[in-house]
Amino acid sequence: MYSLIIKNAQLVDGTGEPGRLSDVAIQGDKIVNIDQSINTPAEDVIDAGGKVLAPGFIDLQNHSDSYWQIFDNPQFDSLVTQGYTSIVIGNCGASLAPLLSHDALLSIQKWHSLEGANINWQSFSEYIEELSRHRFACNVASLVGYSTLRRGIVGDQVRSLEKEELAALKKFLVESIDAGAFGMSSGLSYSHEIIISEIELYELAKILTQKKALFSIHLRSEGSEISEAVEESLDIARSTEVNLKISHLKVRNESNWPKFDEIIQKIENAYHKGYNVHFDAYPYSAIWQPLYAYLPRWAIEGGRQVMLKHFENPVQRNKILAHLNNSGVKFPGMLVASTANKLNFVGKTIGQIAKNMEVSSEQAVLHLIQNGGSEVLVFEENLNPEQVKQAMFHPLSFVATDGGGFPPAIKDRLVHPRCFGSAPKFLNMAINGRELSLEKAVKKLTSAPAEKIGLKKRGEIKIGNFADLVIFDPEKINSLASYQNPYQFSQGISHVFVNGKAVLTGGKITTQLPGYVLRKN
Ligand SMILES: [Zn+2]
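Treat the numbers as computed from the prediction; the structure is a model and nothing was measured.

So, how was this worked out
- Residues numbered from 1 in each chain as written.
- Predicted model: local features only at pLDDT ≥ 70, side-chain atom pairs only at ≥ 80, totals over all residues.
- Heavy atoms only, no water.
- Helix = DSSP H or I, 4+ residues; strand = E, 2+ residues; numbered from the N terminus.
- Buried < 20%, exposed > 50% of the residue type's maximum accessible area, 1.4 Å probe, protein only.
- Contact = heavy atoms within 4.5 Å.
- Areas by Shrake-Rupley, 256 points an atom, 1.4 Å probe, with all protein chains shown as cover.
- Pairing = 2+ DSSP bridges.
- Axes fitted to C-alpha atoms, helices over the stretch in contact; angles between N-to-C directions.
- Donors = N, O, S within 2.8 Å, 3.2 Å for Na, K, Ca; no water.
- Salt bridge = Lys/Arg side-chain N within 4 Å of Asp/Glu carboxyl O.
- Domains from an automatic or database assignment.
- Arc of directions from axis to C-beta.
- Phe/Tyr/Trp six-rings, centres within 6.5 Å; stacked < 30°, edge-to-face > 60°.
- Lys NZ or Arg CZ within 6 Å of the ring centre and 35° of its normal.

Caption draft 1: Representation of the overall build of the chain in the model. Counting its secondary structure elements, the chain contains 17 helices and 21 strands. With the C-alpha coordinates of the chain rotated into their principal frame, the extents come out at 80 × 55 × 45 Å. The proportion of buried residues among the 521 residues of the chain is 60%. Look at the contacts in the chain between residues 6 or more apart in sequence, and 77% of them connect residues 24 or more apart. Per element, the accessible surface of the chain, about 19600 Å² overall, is 47% carbon and sulfur.

Here you go:
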């Protein structure tokens, strides 16, 4: 007797092979039979009615840890309703372990305030142990964040590492990977990684290569210096043969859009020369980031306290305002998504706020950073929609949310619609926009990311694999989330199973938490 049989499904198994009508049987957490017709008794039978049955989606670029949702909302509503069954956290240089000192966790403050957080781990291994005592709606794998490692050693200081410090950092990286981290991430454009020398990165990439672990890089620049930034990452891949994934690839600001073809060419060249290089992208043309990231580098080096002192000094304040003025960024149209301190600015544009305050948009930016607390996030529409499409449908890309697993609503806070709609929006564009075949589109969300990160027995519907599955209607699947109203579940997805248990059934979330922490190897 099987636990579950899914009958009459258009089986799209994740490999990219043509779909076929089939039944699939599940016993416990595994797929145990795939056949045209399975008539063995089962505790539960679901008739898919010819809809697509695919492997659950895998999100290689997820921030459910930096937004603290792994603790606050293990239900991950916004992710499971999109069909995600495994996520990879610890991205963009910030993971929640190892905590080598009090300063280590500061790297996530740009995303989430740490007030009231209950932290009872130090090493990566203790962190994984703690996570293994928790259950989630989908499976959770983590990278170790370079910024977290580095800040644990040098704190807020902006300088190169001493020899012994680098040795210590390497040791903690090895320990983290051995404890189950799937690789390392870095966030080279963030304040504490801006000054990292390439030599430091090479040394760490070599360890990742030895350990067959992923290096996920948030580029040093996604704007005017993006070509150099891509080149820097590819150089690391060429000289260390590390398994490289460039995070959320995009070119910001119209003036830089002409660089897009060149960077894609660079990545393709490296791939065709045999290097393991890929990138991920999300299907939206607005970015979501901390407002302080628009400040000049010198103003953010040294951390928030140093930055706020610059604001108070009239000479430095004017220099910052001039920088913002000349940056080419269209501040008036920028939408405030959230502020740590309550300011009633959420959902307003910076133009509206400036008008109400009778100041310039640039002055309003400083006011917001100063008074909004450690976490002021904005949406800025600055990507070329055609390039967004090209990146997403490129053979070397994965589609990832770069978002978190959020509940159905949060008061006074907007999250990027990519948290609620990336996979369904991509599938809709692929299938109904005829950009990519259904099978190839599914592969980009399933076996391709599983292979990239070395996730075993997931990402493909195969006997013996874990029963991480999604049933969707290819004609109806789409996202409903928007910038002003992100809290909308996607349409066209009826069932999602994680380790054989339903987390979504008949389009409704169940309260089951069958997901658990995954360890490398
Ligand atoms: Zn990032």
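Caption draft 2: How the structure looks around unusual backbone geometry. The omega angle of the peptide bond from Ala-97 to Pro-98 is -5°, so this bond is cis rather than trans. Looking at the element boundaries, Pro-98 is found in the loop between β7 (84-89) and α3 (124-132). Positive phi, normally seen in glycine, also occurs at Asp-402, with a value near 55°. By the element assignment, Asp-402 lies in the loop between β17 (397-399) and α15 (418-431). Assessed through its relative accessible area of 5%, Asp-402 is described here as buried.

Caption draft 3: Representation of the sheet that holds strand β8 (residues 139-142). Pairing is parallel across the open sheet formed by 3 strands, whose spatial order is β6-β7-β8. Looking at which strands have only one partner, the edges of the open sheet turn out to be β6 (57-59) and β8. This sheet shows a mean twist of 20° between the axes of neighbouring strands, independent of strand direction. As paired elements, β6 and β7 share 3 bridges and run parallel to each other. Its bridge partner lying in β7, Phe-57 is registered against Tyr-84.

Caption draft 4: Layout of the coordination of the zinc ion. Here the zinc ion is held by Cys-92 (SG), His-218 (ND1) and His-248 (NE2), and the distances to it run 2.0 to 2.1 Å. In the primary sequence, the donor residues of the zinc ion line up as C-x125-H-x29-H. Taken together, the residues His-218 in strand β11 (residues 214-218) and His-248 in the loop between β12 (243-246) and α8 (260-272) connect sequence positions 30 residues apart. Here His-218 and His-248 have matching classes, each one buried.

Caption draft 5: Up close: the pattern of salt bridges. Under the defined criterion, the tally for this structure stands at 24 salt bridges. Lys-170 is the salt-bridge partner of Glu-203, the closest N and O atoms lying 2.6 Å from each other. A residue pair is termed long-range when its members are at least 10 positions apart, and Glu-203 in helix α6 (residues 198-210) and Lys-170 in helix α5 (residues 163-178) qualify at 33 residues. Classification of Lys-170 as partly exposed rests on a relative accessible area of 24%. Its salt-bridge partner being Asp-412, residue Lys-411 comes within 3.6 Å of it at the nearest N-O pair.

Caption draft 6: How the structure looks around the environment of Gln-122. Relative to the assigned elements, Gln-122 resides in the loop between β7 and α3. Remark: the alpha-carbon pair of Gln-122 and Pro-98, spanning 24 residues in sequence, is separated by 5.5 Å. In contact with Gln-122, not counting residues within four places along its chain, are Ala-97, Pro-98 and Leu-99.

Caption draft 7: Broad picture of the side chain of Ser-233. Tracing the backbone shows Ser-233 in helix α7 (residues 226-240). The buried category is assigned to Ser-233, whose relative accessible area is 1%. Among residues more than four places away in sequence, those in contact with Ser-233 are Ile-217, Leu-219, Leu-244 and Ile-246.

Caption draft 8: Main features of the sheet that holds β17. On the basis of which strands lie adjacent, the open sheet formed by 6 strands has the order β9-β10-β11-β12-β13-β17 and parallel pairing. Each end of this open sheet is capped by a strand with a single partner; those strands are β9 (144-145) and β17. Across 3 bridges, strand β13 (residues 277-281) lies against β17 in parallel orientation. Bridge pairing in β17 places Asp-280 opposite Phe-398. Each of β10 (183-187) and β11 touches α6; the most contacted strand, β11, lies at about 145° to it.

Caption draft 9: Quick peek at the domain arrangement of the chain. Assigned domains within the chain: domain 1 (57-285 + 384-457) and domain 2 (290-381). For domain 1 and domain 2, the distance between their C-alpha centroids amounts to 26 Å.

Caption draft 10: Representation of helix α12 (residues 350-357) within the structure. Listing the buried residues of α12 in full gives Ile-350, Ile-353 and Ala-354. Down the axis of α12, the smallest arc covering the buried residues is 100°, so these residues share one side. Those residues of α12 that are exposed and aimed more than 90 degrees away from the buried face are Lys-355 and Asn-356. Buried residues along α12 sit against β15 (335-339) and α13 (361-371). Note on α12: the residue one or two positions beyond its end, Glu-358, has a positive phi of about 55°.

Caption draft 11: Fine view of the packing of aromatic side chains. Counted under the stated rule, the structure contains 16 aromatic pairs. Their ring planes at 10° and their centres at 5.9 Å tell us that Phe-76 and Phe-136 sit as a pair that is stacked. With Phe-76 in the loop between α1 (69-72) and α2 (77-80) and Phe-136 in the loop between α3 and β8, this residue pair connects regions lying 60 residues apart in the sequence. Accessibility assignment for this pair places Phe-76 and Phe-136 in one class, buried. Members of the aromatic cluster, each reached through a chain of ring pairs, are Tyr-67, Tyr-284, Trp-288, Phe-379, Phe-406 and Tyr-483. Between the NZ or CZ atom of Arg-418 and the centre of the ring of Tyr-282, over which it lies, the distance is 4.4 Å. Looking at Lys-425, its charged tip hangs above the ring of Tyr-284, at a distance of 4.2 Å from the centre.

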